[in-house]
Amino acid sequence: QVQLVESGGGLVQAGGSLRLSCAASGRTFSIRAMGWFRQAPGKEREFVAAITWSGSSSYYANSVKGRFTTSRDNAKNTVSLQMNSLKPEDTAVYYCVATRNYALGSENPHQFDYWGQGTQVTVSS
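Residues numbered from 1 in each chain as written. Predicted model: local features only at pLDDT ≥ 70, side-chain atom pairs only at ≥ 80, totals over all residues. Heavy atoms only, no water.

Caption draft 1: Geometry of the overall build of the protein. Each helix and strand in the protein was counted, giving 0 helices and 11 strands. In the protein, the order of α-helices and β-strands from amino to carboxyl end is β-β-β-β-β-β-β-β-β-β-β. In terms of overall dimensions, the protein is globule-like: its C-alpha atoms have a radius of gyration of 13 Å, near the 14 Å expected for 125 residues. Counting all 125 residues of the protein, 45% fall into the buried class. When contacts within the protein are restricted to residue pairs at least 6 apart in sequence, long-range pairs at least 24 apart make up 57% of them. Entry remark: accessible area of the protein is about 6200 Å², with carbon and sulfur atoms responsible for 46%. Once the 12 positive and 8 negative side-chain charges of the protein are each reduced to a mean point, those two points are 6 Å apart. (Helix = DSSP H or I, 4+ residues; strand = E, 2+ residues; numbered from the N terminus. Rg over C-alpha atoms; globule rule 2.2 N^0.38 Å. Buried < 20%, exposed > 50% of the residue type's maximum accessible area, 1.4 Å probe, protein only. Contact = heavy atoms within 4.5 Å. Areas by Shrake-Rupley, 256 points an atom, 1.4 Å probe, with all protein chains shown as cover. Lys, Arg positive; Asp, Glu negative; His and termini not counted. Charge placed at Lys NZ, Arg CZ, Asp CG, Glu CD.)

Caption draft 2: The arrangement of the nonpolar core in detail. Grouped together as the largest cluster of nonpolar side chains are 37 residues, with contacts concentrated most on Leu4, Met34, Leu81, Met83 and Tyr94. Mapped by element, the contributors of at least two residues to this core are β1 (2–8), β3 (18–26), β4 (33–39), β5 (46–52), β8 (78–83), β9 (92–99) and β11 (119–124). If sequence neighbours within four positions are ignored, methionine 83 has contacts with Gly16, Ser17, Leu18, Leu20, Arg67, Phe68, Tyr94 and Val121. (Core = buried A, V, L, I, M, F, W, Y, C linked by side-chain atoms within 4.5 Å.)

Put into C-alpha cells, the structure is as follows:
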C-alpha cells in the first residue's frame, strides 16, 4: 500500500498563490506517477496535473495550464503543486494521487490507485 498525505491549502484572494505538497510513504517503489485532482461542491472530480515518478514529464489540464506547476522531490518522496494567478473557480478540495501504471496524458481518475485525504483551497473574489 501507499499512503499519501497532503499539506498546504487554505484561503487566498483571487490573483494570489498557494503551494500544496504531498508526501508518499509505504510501497513507493511501485509508483509510476503522481498527480492532483480537485472537486468543487456539486461537481465531479476533475484532473489537474500529473508528473512521472522520475519528474521528467508532466501533464496539465487546460484549465490550469500556464498557472499551475507540479514538481517532484525524489529524495523526499514528495510532489508539489504551485498554484499561481488563482481564480475563484479554482476553489475545491484538492487530492493528491498516485498510480502504479500511468499513461501520460490520461485524465481518468480510475487510472490512479491511491488517493490522499484532500485539502481545501478557497479563492475569494
